[in-house]
Amino acid sequence: MTTHADLAMVNLDSSDPAAHAAFYAHALGWEITHSETEYAMITKDGTSIGFGRVPGYAPPAWPDETGGKRYHLDLTVDDVAVAEKDLVAAGATRPEFQPGGESWTVLLDPIGQPFCLCPRR
């Protein structure tokens, strides 16, 4: 199979790029490589996640049966309970609706965007 591209980065809309980047740098252990009011970036091993300020940004409702899904990140962790405790202390929240059972836990990042903690297998 021919490879046409490599993923260099993912850019996410945000209401607070610096805080958003700081949260995911903490969650993933990545380096903050750029941080300003309008744009921030974290990087590891040549791949980056950028966070761009969007005026009036509103996170999706969780759960939202009527809205389209925007995106979410799945983070694999050794211990979901330990990771959840740490990330809640870092600014995440745990919504009541949890559709994953034992397979994953949904958290909301500090700007309200859902992400999942999945046990490393």
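From a predicted model like this one, the values you see are computed outputs, not experimental measurements.

What counts as what
- Residues numbered from 1 in each chain as written.
- Predicted model: local features only at pLDDT ≥ 70, side-chain atom pairs only at ≥ 80, totals over all residues.
- Heavy atoms only, no water.
- Salt bridge = Lys/Arg side-chain N within 4 Å of Asp/Glu carboxyl O.
- Helix = DSSP H or I, 4+ residues; strand = E, 2+ residues; numbered from the N terminus.
- Buried < 20%, exposed > 50% of the residue type's maximum accessible area, 1.4 Å probe, protein only.

(A) The pattern of salt bridges, seen in detail. Inspection of the entire model under this criterion finds three salt bridges. Between E38 and R53 there is a salt bridge, with the nearest N and O atoms lying 3.7 Å from each other. Pair noted here: E38 is in the loop between β2 (31–35) and β3 (39–44) and R53 is in strand β4 (residues 47–53), with a separation of 15 residues, a long-range link. Note on E38: relative accessible area 45%, which makes it partly exposed. With relative accessibility at 37%, the residue R53 sits in the partly exposed group. Note that D78 and R120 form a salt bridge whose closest N and O atoms lie 2.7 Å from each other. Of this pair, D78 sits in the loop between β5 (73–77) and α2 (80–89) while R120 sits in the segment after β7 (114–119), and the two are 42 residues apart along the sequence. When its relative accessible area of 68% is taken as the criterion, D78 is described as exposed.

(B) The arrangement of the environment of V88 in detail. Position of V88 relative to the elements: it lies in helix α2. Remark: the alpha-carbon pair of V88 and A61, spanning 27 residues in sequence, is separated by 18 Å.

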